[in-house]
Amino acid sequence: MALSPAWRGFALCPMNHCNVFLKAMGSSGLSLFPWGHCPWRGTRSFLDPEMKAFLEENTEVTSSGSLTPEIRLRLLTPRCKFWWERADLWPHSDPYWAIYWPGGQALSRYLLDNPDIVRGKSVLDLGSGCGATAIAAKMSGASRILANDIDPIAGMAITLNCELNQLSPFPILTQNILDLEQDKWDLVVLGDMFYDEDLADSLHRWLKGCFWTHRTQVLIGDPGRPQFRGHSIQRQLHKVVEYSLPEPTRQENNGLTTSAVWDFQP
């Protein structure tokens, strides 16, 4: 079943809804904290009872229709009221976290199939959304994980999704990490983030800094959106694996049929 027309526009074309995201990133007013003092929160601090109840009422727990049936997530599905409502009736910020995007699916599948990539390592999940890739890293034995998303409601969703998968909570940062002093990570993962040219340029610069400062491995998941295919970062990418997307994911993403994982090698 497809999304209602309003939500279809949101799910298929996140670049059309990037203004809220970019405004939040650009106007956060962050100071540059030394990383050891960075104000991230443990997951329990996100469990506001009213918001928790709202999310539980208006999302469905599902593990079907994606590349990772072993991960359970709270998502917007056809069984949810807001699936059929006009997008402007959603009372909070745009719920990027409520859709399991194809780039994130590819990254999560790759980590689950190749646990040596993360076992015993530190992992930053940038633009974590529903938290699936961070959860996959945890399932695969990562020693330290930080999920980063500027939407505090995503932090709540990640907390709930950790609980669904019987995982101990990991820290969640809801500040713009691109403005903070870089910490050392063994691996940075990011999916579906190259949907806006300015954001893509900022990410490219930040990822190069990670690589050259700390020799951090960077894995990017993307289903081949034009903004990603046409960006200069393509010259510094090596395709690791490509997956055929399940039919429900294809329907929700305008017929995109595959999603790939890329290794960033500047």
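Just so you know, these numbers come straight off a predicted model, no measurement behind them.

Participant: What's the story with helix 3 (residues 49–58) in this structure? I'm lost.
Facilitator: Because each turn of an α-helix spans 3.6 residues, side chains separated by three or four positions end up pointing in the same direction. Within the sequence span of helix 3, burial applies to Met51, Phe54, Leu55 and Asn58. Mapping the buried residues of helix 3 onto a view down its axis gives an arc of 95°, with all of them on the same face. Looking at helix 3, the residues exposed on the side facing more than 90 degrees away from the buried face are Pro49 and Glu57. Where the residues of helix 3 are buried, they touch strand 2 (73–75) and helix 6 (152–164).

Participant: What's the story with the pattern of salt bridges in this structure? I'm lost.
Facilitator: Two side chains of opposite charge can pair, provided their charged atoms sit close to one another. Inspection of every chain in the model, using the stated rule, returns eleven salt bridges. Across the pair aspartate 183 and arginine 144 runs a salt bridge, and its minimum N-O distance is 3.5 Å. Of this pair, aspartate 183 sits in the loop between strand 5 (172–173) and strand 6 (187–191) while arginine 144 sits in strand 4 (residues 144–148); the two residues are 39 residues apart in sequence, bridging distant segments of the chain.

Participant: How should the nonpolar core be read in this particular structure?
Facilitator: Generally speaking, a soluble globular protein has its nonpolar side chains buried in company with each other. If you look at the biggest cluster of nonpolar residues, it comprises 33 residues, and the most contacted ones within it are Leu73, Leu111, Val118, Val123, Phe170, Leu187 and Leu219. The set of elements that each furnish at least two residues to this core consists of strand 2, helix 4 (102–113), helix 5 (132–139), strand 4, helix 6 and strand 6. If sequence neighbours within four positions are ignored, leucine 219 has contacts with Leu107, Tyr110, Leu111, Ile117, Leu187, Val188, Val189, Leu190, Val240, Val261, Trp262 and Asp263. Within the second largest apolar cluster, 27 residues are counted, among which are Leu207, Val218, Phe228 and Ala260.

Participant: What's the story with the confidence of the model for the protein in this structure? I'm lost.
Facilitator: Predicted coordinates in regions of low pLDDT should not be interpreted in detail. Per-residue pLDDT for the protein has a mean of 84; in total, 82% of the residues score no lower than 70. Contacts for the low-pLDDT stretch residues 5–10, under 50 throughout, to residues beyond four places or in other chains number 22 contacts. Confidence drops under pLDDT 50 across residues 15–45; counting only partners more than four residues distant or on other chains, this segment forms 63 contacts.

Participant: Please clarify how the packing of aromatic side chains should be interpreted in this entry.
Facilitator: Think of a pair of aromatic rings as described by two things: how far the centres are apart, and how the planes are tilted against each other in angle. All chains considered together, the criterion is met by seven aromatic pairs. Seen in terms of ring centroids, phenylalanine 54 and phenylalanine 82 are 6.2 Å apart; in terms of plane orientation they differ by 50°. Their pairing is tilted. Taken together, the residues span a long stretch of sequence, with phenylalanine 54 in helix 3 and phenylalanine 82 in the loop between strand 2 and helix 4 at a distance of 28 residues. Exposure remark for phenylalanine 54: the relative accessible area of 17% places this residue in the buried category. Assessed through its relative accessible area of 7%, phenylalanine 82 is described here as buried. Linked through ring pairs, Phe54, Phe82, Trp90 and Trp97 together constitute an aromatic cluster. We note arginine 144 situated over the ring of tryptophan 185; from NZ or CZ to the ring centre the distance is 4.1 Å.

Participant: Honestly, the sheet that holds strand 4 in this entry has me stumped. Any pointers?
Facilitator: One key point about sheets: their strands pair by backbone hydrogen bonds, in either a parallel or an antiparallel sense. Pairing is mixed across the open sheet formed by seven strands, whose spatial order is 5-4-3-6-7-9-8. Of all the strands in the sheet, the pair left with one neighbour each is strand 5 and strand 8 (237–244). Note that strand 6 and strand 7 (residues 217–222) share five bridges and pair parallel. If you follow leucine 190 over to strand 7, its bridge partner there is isoleucine 220. Packed onto the sheet, helix 5 meets strand 3 (122–126), strand 4 and strand 6 and runs at close to 175° relative to strand 4.

Participant: Got a minute to help me understand the side chain of aspartate 192 in this structure?
Facilitator: Positionally, aspartate 192 belongs in the loop between strand 6 and helix 7 (197–214). Among the residues examined, aspartate 192 registers a relative accessible area of 7% and is labelled buried. Side-chain polar atoms of aspartate 192 contact the backbone nitrogen of glycine 104, separated by 2.8 Å. Within the local environment of aspartate 192, its side chain forms a polar contact with the side chain of arginine 225, the two groups lying 2.9 Å apart. Sequence-distant contacts of aspartate 192, that is, excluding residues within four places in its chain, are made with Trp101, Pro102, Gly103, Gly104, Gly221, Asp222, Pro223 and Arg225.

The rules we used
- Residues numbered from 1 in each chain as written.
- Predicted model: local features only at pLDDT ≥ 70, side-chain atom pairs only at ≥ 80, totals over all residues.
- Heavy atoms only, no water.
- Buried < 20%, exposed > 50% of the residue type's maximum accessible area, 1.4 Å probe, protein only.
- Helix = DSSP H or I, 4+ residues; strand = E, 2+ residues; numbered from the N terminus.
- Arc of directions from axis to C-beta.
- Contact = heavy atoms within 4.5 Å.
- Salt bridge = Lys/Arg side-chain N within 4 Å of Asp/Glu carboxyl O.
- Core = buried A, V, L, I, M, F, W, Y, C linked by side-chain atoms within 4.5 Å.
- pLDDT = per-residue confidence, 0-100.
- Phe/Tyr/Trp six-rings, centres within 6.5 Å; stacked < 30°, edge-to-face > 60°.
- Lys NZ or Arg CZ within 6 Å of the ring centre and 35° of its normal.
- Pairing = 2+ DSSP bridges.
- Axes fitted to C-alpha atoms, helices over the stretch in contact; angles between N-to-C directions.
- Polar contact = N/O pair within 3.5 Å; in protein donor to acceptor, adjacent residues only side chain to side chain.

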